Amino acid sequence: MRVGVIHGGISSEYDVSVASGQGIIESLRRIGHEPVPILIGPSGAWLAPTGRGRSEAIGALLTCDVVVPALHGVQGEDGTVQGLLEMLGLPYVGSGVRASALCLDKDLTKTIVSRAGVPVAPGVAFDAARVRRAIGSERERSALLLELSHAGVQLPLFVKPVHGGSSIGVSRITDRADLPGALRAAGDGSVVIEAEVVGLEVDLPVLELPDGSLRCGPSLLIDSDPREPFFTEAAKYASEATRFTIPAPIPPATARTLEELALTAFAGLGCRGLARIDFFVTADGPVLGEVNTFPGFTAQSQFPRMWAAAGISYDDLVDTLLQTALASSRSTPVHA
C-alpha cells in the first residue's frame, strides 16, 4: 500500500512528531509498504516528495491508500488534519475530528470522562483573557486563587496549557508568588489549573483491532527523574534517570480497575484506533491524568514499549493500525 505519513507540525511538539513520523516511515519500509512522507515545518510550510506547498502535499495524499497523521498537539492532534482527511475521503489512523478535538482539550476531556464515571483531579479552566489579566494584576490573581479554593484546588497546584502535551508549558507551584511565571510559561492561550495528585503515575495503552474490538495492553509505571519536580519534558526526553516498569507493580484488582476506566474513557470520548490513557494511582483510587489520541511513536516511546511487552512488535503495531483504519473506513465511510 501507499501510506501517507504526516509529521512535524506547528505545535511545540514538533521534534517529537518528527521522530514519531520517522519511526513509522522506517517501519512501513520494513513491512513492505510504500511510505509517502509529508512534513509540516514549524512555520506551517508543507513538504511532499513531489515539492513544497499544500497543493503538492494534498496531491501526494490523494495517491495514498491510507494516511497516518503522526502529529502531536495543536493543528495536528486536535481534529484539524483529521477534518482535512475526511474532506479528502481518505482513510486514516486514529481518532476522528470530534474525539481528537475533545482529547486535546484537557478541560473538555475531564468533563466528558467524569460524566462517564472516571475520576478526575479537581481543577478550573481559565480563558486567555482571564490569564492575561491575572498575569498583570495582583487583584485578578487573588480572585483566581479564590475561585480555585472554592473548587477545592489548593497549593501545591499545576498550571497547564489547555491544549498541548509532552508537559511543555506545565508548571508546578507551591507559592502564590510563582503564579504569574507559571501562567506566562503556559503560553498565550487558555489554561487549566489543577490540584496536585499524589500517587503512582501509570499509563495504559488501548488498541482497536480490525474487527472493532478493543484491547488494553500492559500497564507502565513511570519513575520520573528525581531531579525534576514532576514528569517534565526534560524527564521524558532528555533524562537517563527516568525509568519505566512494564507491567506496573500494582495489585491485580487495581490493574483491572485501570483497564475498565481506560476503556470507559476511550469509548466515552469516541476514540478510535489507539490511545494512551494516563492515570495517577492514589491511596483513594485511580484518577485520570489525560488521554493521548496519538501518543509518541518512536520505538522507545511508552505506547510501543507497552505493546512490545505484550509480544506485539513495533512493525506489527503499525500494520494493525493501518488494517484497523481501512476496516473502519469500510464500515463507516469517510465523506469526500
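Asker: Where do I start with unusual backbone geometry in this structure?
Answerer: Leave glycine aside and you will find that most residues have negative phi; peptide bonds, for their part, are mostly trans. P156 follows L155 through a cis peptide bond whose omega is -5 degrees. Tracing the backbone through its elements, the reader meets P156 in the loop between α7 (138–150) and β7 (157–161). Along the chain, I246 connects to P247 via a cis peptide bond; the corresponding omega equals -5 degrees. Considering the arrangement of structural elements, one finds P247 in the loop between β13 (243–245) and α10 (252–268). In the Ramachandran plot, Q75 falls in the positive-phi region, its phi being about 50 degrees despite a non-glycine side chain. Tracing the backbone through its elements, the reader meets Q75 in the loop between β5 (66–69) and α3 (80–88). The exposure class of Q75 is partly exposed, given its relative accessible area of 45%.

Asker: Would you explain the nonpolar core in this entry?
Answerer: Most often, soluble globular proteins have nonpolar side chains that are buried together. The biggest cluster of nonpolar side chains holds 24 residues, and the ones touching the most others in it are I277, F279, L288 and V291. At the level of secondary structure, the elements contributing two or more residues to this core comprise α4 (97–104), β10 (200–208), α10, β14 (274–282) and β15 (285–292).

Asker: What should I look at first to understand the environment of H163 in this one?
Answerer: Considering the arrangement of structural elements, one finds H163 in the loop between β7 and β8 (171–173). Once residues lying within four places of it in the same chain are set aside, the contact partners of H163 are V74, L104, D105 and K106. At a separation of 3.5 Å, a polar atom in the side chain of H163 contacts the side chain of D105.

Asker: Could you clarify how one ought to interpret empty space enclosed by the protein in this entry?
Answerer: Rolling a probe over the atoms, with the probe sized like a water molecule, indicates the empty space that remains. Summed over the entire model, instances satisfying the criterion amount to five cavities of 30 Å³ or more. By volume, the largest cavity is sized at about 70 Å³. If you go around the largest cavity, the residues you meet are C103, D105, K106, T109, K110, K160, E194, L288, G289, E290 and V291. Contributions of two or more residues to the lining of the largest cavity are made by α5 (106–115) and β15.

Asker: In this structure, what is going on with the sheet that holds β8? I would like to understand it.
Answerer: The strands that make up a sheet pair up through hydrogen bonds in the backbone, lying either parallel or antiparallel. The sheet built from four strands is open, its strands ordered β6-β9-β7-β8 with antiparallel pairing. What marks the edges here is a single partner per strand, and that holds for β6 (123–126) and β8. Going across the sheet, the axis of each strand differs from the next one's by a mean of 20 degrees, ignoring polarity. Relative to strand β9 (residues 191–195), β7 is paired through five bridges, and the arrangement is antiparallel. Residue pairing in the sheet places F158 in a bridge with E194 of β9.

What counts, and where the lines are drawn
- Residues numbered from 1 in each chain as written.
- Predicted model: local features only at pLDDT ≥ 70, side-chain atom pairs only at ≥ 80, totals over all residues.
- Heavy atoms only, no water.
- Helix = DSSP H or I, 4+ residues; strand = E, 2+ residues; numbered from the N terminus.
- Buried < 20%, exposed > 50% of the residue type's maximum accessible area, 1.4 Å probe, protein only.
- Core = buried A, V, L, I, M, F, W, Y, C linked by side-chain atoms within 4.5 Å.
- Contact = heavy atoms within 4.5 Å.
- Polar contact = N/O pair within 3.5 Å; in protein donor to acceptor, adjacent residues only side chain to side chain.
- 1 Å grid on protein atoms, 1.4 Å probe; cavity = no way out; pocket = protein on both sides within 12 Å on 5 of 7 lines; lining within 4 Å.
- Points joined across faces, edges and corners; volume = space filled by probe spheres on them.
- Pairing = 2+ DSSP bridges.
- Axes fitted to C-alpha atoms, helices over the stretch in contact; angles between N-to-C directions.

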